[in-house]
Amino acid sequence: MTPKEETYTGNEVSHFILDEVEKDVGPGGRLEGLPVHTRFPPEPNGYLHIGHAKAIIIDFGTAELFGGLCNLRMDDTNPVKEDEAYVKAIQDDIHWLGYDWDDRFYHASDYFEQIYNYARELIEKDLAFVCEQTPEEVRESRGTLTSPGTESPWRYRPRQESLDLFGRMRAGEFPDGRYTLRAKIDMSSGNMNLRDPVIYRIQHARHHQTGDEWCIYPMYDFAHPISDSLEHITHSLCSLEFEDHRPLFDWVINNCSLPVKTRQIEFARLDINYTVMSKRKLRTLVEEGLVDGWDDPRLPTLCGLRRRGYTPRAIRDFNERNGVSKVPSMVDIRFLEHCLREDLNKRAPRAMAVLDPVKLTITNYPEDRQETFTVENLPGDSSSGTHDITFSRHLLIERDDFEEDPPKKYYRLFPGNLVRLRGAYIVRCTGCVKDSQGKVIEVLAEYDPETRGGTAAAGQKVRGTIHWLDESTAVQAEVRLYDHLFTVEAPDDDERDYHELLNPESLTVIQNARVEPWLKEDRSYLGYQFMRLGYFIHDNRDSTEDKLVFNRSVQLKDSYRPT
RNA sequence: UGGGGUGUAGCCAAGCGGUAAGGCACGGGACUUUGACUCCCGCAUUCGCAGGUUCAAAUCCUGCCAUCCCAGCCA
């Protein structure tokens, strides 16, 4: 699979980050002449979701547009929160989206030795000191948003002493929390990040990459700019909440002897309505069993979207068309759905499925006869392949495609009306059979042999076309219909408990649906369009040849409004 | 009298002193062997508000308002 062929959208991408990057590497720019180099730096502590997809697309996409490179780097500076188990899943998701980092897969922990040495450099330059304040004391002396902090009593400790202590911290002589290494910047800064931030802490914890080699770990604000620069990253693209960390990022870049003056540029993260995006909330849903794992098709996780039937192309298209800006925004999930439909409409093979079957008997069609029609996978596209469907006297149709007493503008089956059975014949409804409760159990119709293939006679206008299955060849399937996980647009902003906001109808399981038999063997990676219903895909966990399970990716638009 | 951002249609979003792109959503119509797709048409006399500069302002200046982020030894 060539990633580019798989997800290339053809969109003209243009946004402020691209403009800035172009200026930076162009004539007179601050990074003049350097090859554009970005990175995607996930923390291995959870699964990727569509918000990360935005970052991935910006990071990899920017490099791609400038003919540069994008690295994948695990931001693993906090061993107690991270786990190797997430790494493989993260890599799979990025690959699935269509991006690749070649051999440039790194860990921030690869640089622990170098980061340690840069910390020593800062101490030597009198720009960092070993502090003995307790966490409580640090908090108290940091000041508040509106009042300055007070300097640590250890701030002017001789460099040699700090250097010695820092070495002993590394050697494991002290318990967690006993000492920290702090940057010496400005306790009265309006920017809290500059009030002598802690850049190293003692943590006697086993790290998933470095094992027990270290018991001190650098903080994100220190490790990140160093890792970036060491990898010759020209542009460190991140989300808005790091904007006021940028002065600290720059401080590290400027005060350590680093090879490249990486520039950090921030953009607004993606938010979508009717769902939640934070790792913490997603985790809660999974752990409370409110959804079927991290890959539940209702979740915005990439594995969930994949299981739902979303295509990488649709996700990339969605992001590119949304644009990149600094406006904190909430995108309408209907736009995401639109992008999926648009992609699948062009590519997904068509099939017929009946979700709520009722019998249709063609009373003038012989009991012992069966014929086969060959239909194109994509109607009108002869290069799309074909599949066969059978037709006989006993068919199955959708229960709501028959009305004994139809509303105005209803042009499906009702007594006396002419309707086309898609790809087969035009039939005239002659009535129905009901059980003792008055429920329709069978619809009756007569077919017109002259309309084979569904072709209307000259001058004949048939308004309604419905889907159907041959009862004798249709196979049973479970179909899972999904809807938004939450009933409110912004569950995060709602003061009610989120349990109350969950949509009780976010999952509807239909046990007794029927589909065309060829779907037992076929496994289109795009899924299928079940005509007149929507796009569906084999569930990647539960669907087998013995028990078919389909997930509804998205419904077709429907302008029919019964009056 | 903390710092840093952001305000253009219901939702995204172009615009960078010359008279408001585009997409989604929505409404109407055409076409249709999917009530889908496709195709037309409509949808901001106005850019958070108020002043000012200018022949000309969403774009420049001043003030105000709203809203988001920051006080982890998390990232």
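Quantities reported herein were computed from a predicted structural model and do not represent experimental measurements.

Visitor: Give me the lowdown on the overall build of chain A, citing residues and values where you can.
Guide: Check the secondary structure of chain A and you find 14 helices and 25 strands. Taken over C-alpha atoms, the radius of gyration comes to 31 Å for chain A, far larger than the 24 Å a tight globule of 563 residues would show. With the C-alpha coordinates of chain A rotated into their principal frame, the extents come out at 100 × 55 × 40 Å. For chain A, with 563 residues in total, the buried portion stands at 55%. Considering only contacts in chain A between residues 6 or more positions apart, those separated by 24 or more positions represent 71%. Counting only carbon and sulfur atoms, one obtains 47% of the accessible surface of chain A, whose full area is about 25500 Å². Across chain A, the mean location of the 71 positive side-chain charges is 3 Å away from that of the 97 negative side-chain charges.

Visitor: Account for the packing of helix 5 (residues 112-124) against helix 7 (residues 159-170), with residues named and values stated.
Guide: Packing of helix 5 against helix 7 leaves a shortest axis separation of 9 Å and a crossing angle of 160°. Put simply, helix 5 runs roughly antiparallel to helix 7. Helix-helix and strand crossings are classified by hand; for helix 5 and helix 7 the assignment is right-handed. Of the residues in helix 7, those in contact with Glu113, Tyr116, Ala119, Arg120, Ile123 and Glu124 of helix 5 are Arg159, Ser162, Leu163, Phe166, Gly167 and Arg170. Residue composition of the contact of helix 5 with helix 7, by class: five nonpolar, two polar and five charged.

Visitor: Account for the confidence of the model for chain A, with residues named and values stated.
Guide: Averaged over all residues, the pLDDT of chain A is 96; the fraction at 70 or higher stands at 99%. Here the predicted complex carries an ipTM of 0.96, next to a pTM of 0.96.

Visitor: If you had to explain the packing of aromatic side chains to someone new, which residues and values would you point to?
Guide: Tallied over the full model, the rule gives 25 aromatic pairs. Ring centres of Phe373 and Tyr425 lie 5.8 Å apart, and the angle between their planes is 80°; on these two criteria the pair is classed as edge-to-face. With Phe373 in strand 13 (residues 370-378) and Tyr425 in the loop between strand 16 (418-421) and strand 17 (426-434), this residue pair connects regions lying 52 residues apart in the sequence. Accessibility assignment for this pair places Phe373 and Tyr425 in one class, buried. Geometrically, the ring pair formed by Phe530 and Phe550 is edge-to-face, given 5.3 Å between the ring centres and 70° between the ring planes. One end of the pair, Phe530, is in strand 23 (residues 528-530); the other, Phe550, is in strand 25 (residues 548-555), and 20 residues separate them in sequence. Like Phe530, the residue Phe550 is buried in the burial classification. Put simply, the rings of Phe112, Tyr116, Phe166, Tyr200, Trp214, Tyr217 and Phe222 touch in pairs and so form one group of aromatic residues. Here the basic side chain of Arg170 rests over the ring of Tyr116, its NZ or CZ set 4.6 Å away from the ring centre. Here Arg463 stacks its cationic end above the ring of Tyr411, 4.5 Å away from the centre of that ring.

Visitor: Account for the sheet that holds strand 2 (residues 69-74), with residues named and values stated.
Guide: Judged by pairing direction, the sheet is parallel, and its three strands sit side by side in the order 1-2-3 without closing on themselves. Unpaired on one side and paired on the other, strand 1 (37-40) and strand 3 (105-107) mark the two borders of the sheet. Shown here is a sheet whose adjacent strand axes are inclined to one another by a mean of 35°, direction ignored. The sheet contacts of helix 4 (residues 85-97) involve strand 1, strand 2 and strand 3, and relative to strand 2 the element is tilted by about 155°.

Visitor: Before we move on, can you summarise the nonpolar core with the specific residues and values?
Guide: Among soluble globular proteins, nonpolar side chains are generally buried collectively. Ile50, Ile94 and Ile315 are the most contacted members of the largest nonpolar core, which totals 50 residues. When residues of this core are traced back to their parent elements, those giving at least two are helix 2 (16-25), helix 3 (50-65), strand 2, helix 4, strand 9 (263-267), helix 11 (302-308), helix 12 (312-322) and helix 13 (333-347). Look past the residues within four positions of Ile50 in its chain and what remains in contact with it is Leu270, Ile272, Met277, Pro300, Leu302, Leu305, Ile315, Phe318 and Leu336. In terms of nonpolar packing, the next biggest core, distinct from the first, is built from 37 residues, Ile115, Leu163, Tyr179 and Leu230 among them.

Visitor: Please set out the sheet that holds strand 10 (residues 350-351) residue by residue, giving values where relevant.
Guide: Read from one edge to the other, the open sheet built from seven strands follows the order 10-23-24-25-21-22-11, with strand pairing classed as mixed. Looking at strand neighbours, the two that pair on one side only are strand 10 and strand 11 (353-354), the edges of this open sheet. Pairing of strand 21 (residues 475-482) with strand 25 involves four bridges; the strand directions are parallel. Bridge pairing in strand 25 places Glu478 opposite Val549. Of the strands in this sheet, strand 10, strand 23, strand 24 (534-538) and strand 25 touch helix 13, which is tilted by about 115° from strand 25.

Visitor: For helix 8 (residues 220-230), give the residues involved together with the corresponding values.
Guide: Of all the 11 residues making up helix 8, 10 are buried; the element is thus mostly covered by neighbouring parts of the structure. Count one or two residues on from helix 8 and you reach His232, which has phi positive near 60°.

Visitor: Can you break down the protein's contact with RNA strand B residue by residue, with the values?
Guide: Neighbouring residues of RNA strand B: 63 residues in total, closest Ser325, Arg350, Tyr411, Gly453 and Gln529. Contact between RNA strand B and Arg201: a phosphate oxygen at 2.9 Å from a side-chain N or O atom of the residue. Within the side chain of Asn322, a nitrogen or oxygen atom sits 2.9 Å from a sugar or linking oxygen of RNA strand B. Secondary structure elements with two or more residues in the surface near RNA strand B: helix 6 (135-141), strand 6 (198-202), helix 12 and helix 13. For the surface near RNA strand B, the element with the most residues is helix 13, which contributes four residues. Per-class residue counts for the surface near RNA strand B are 19 nonpolar, 22 polar and 22 charged.

So, how was this worked out
Per chain, the residues get numbers from 1 upward, laid out in the order the sequence is written. A letter from A marks each chain and a number from 1 marks each ligand, given out in the order of writing. For a predicted model such as this one, the threshold for reporting local features is a pLDDT of at least 70, and the threshold for listing and counting side-chain atom pairs is 80 or more; totals across whole chains, interfaces and linings nevertheless cover every residue. To get the side-chain values, take all heavy atoms of the structure and skip hydrogens and water. In DSSP terms, a helix is any run of H or I states spanning at least four residues, a strand is any run of E spanning at least two, and both are numbered starting from the N terminus. To get the radius of gyration, use the C-alpha atoms; to get the globule rule, take the number of residues to the power 0.38 and multiply by 2.2 Å. Only protein chains enter the accessibility calculation, which uses a 1.4 Å probe. A residue is then buried if its area is under 20% of the maximum for its type, exposed if over 50%, and partly exposed in between. Contacts: residue pairs with any heavy atoms within 4.5 Å of one another. Under the convention used here, a 1.4 Å probe and the Shrake-Rupley method define accessible areas, while residue burial counts only the protein chains that appear. Only four residue types enter the charge count, namely Lys and Arg as positive and Asp and Glu as negative; His and the chain termini do not. Charged groups are reduced to one reference atom each: NZ for lysine, CZ for arginine, CG for aspartic acid, CD for glutamic acid. Here an axis means a line fitted to C-alpha atoms, over the contact stretch when the element is a helix, while the angle between two N-to-C directions is reported on a 0 to 180 degree scale. For classification, angles of less than 35 degrees are called roughly parallel, those exceeding 145 degrees roughly antiparallel, those between 65 and 115 degrees roughly perpendicular, and all remaining angles oblique. Here a crossing is taken to be left-handed if its near helix is turned anticlockwise relative to the far helix by less than a right angle, and right-handed if that turn runs clockwise. Under this grouping Gly is polar, as are all residues other than the nonpolar Ala, Val, Leu, Ile, Met, Phe, Trp, Tyr, Cys and Pro and the charged Asp, Glu, Lys and Arg. The predictor reports its confidence for every residue as pLDDT, a score running from 0 up to 100. Think of it this way: a Phe, Tyr or Trp ring, Trp meaning its six-membered ring, pairs with another when their centres are within 6.5 Å, and the plane angle makes it stacked under 30 degrees, edge-to-face over 60, tilted otherwise. By definition here, charges over rings are those cases where NZ of Lys or CZ of Arg is within 6 Å of the ring centre and within 35 degrees of the ring normal. Each pair of strands is called paired provided DSSP finds at least two bridges between the two strands. To qualify as a nonpolar core, a set must consist of buried Ala, Val, Leu, Ile, Met, Phe, Trp, Tyr and Cys residues joined through side-chain atoms within 4.5 Å. When at least one non-hydrogen atom of a residue lies within 4 Å of a molecule or strand, that residue is treated as near it. Pairing of N or O atoms within 3.5 Å defines a polar contact, subject to two protein rules: one partner must be a possible hydrogen donor and the other a possible acceptor, and residues neighboring in sequence count only if both atoms are side-chain atoms.

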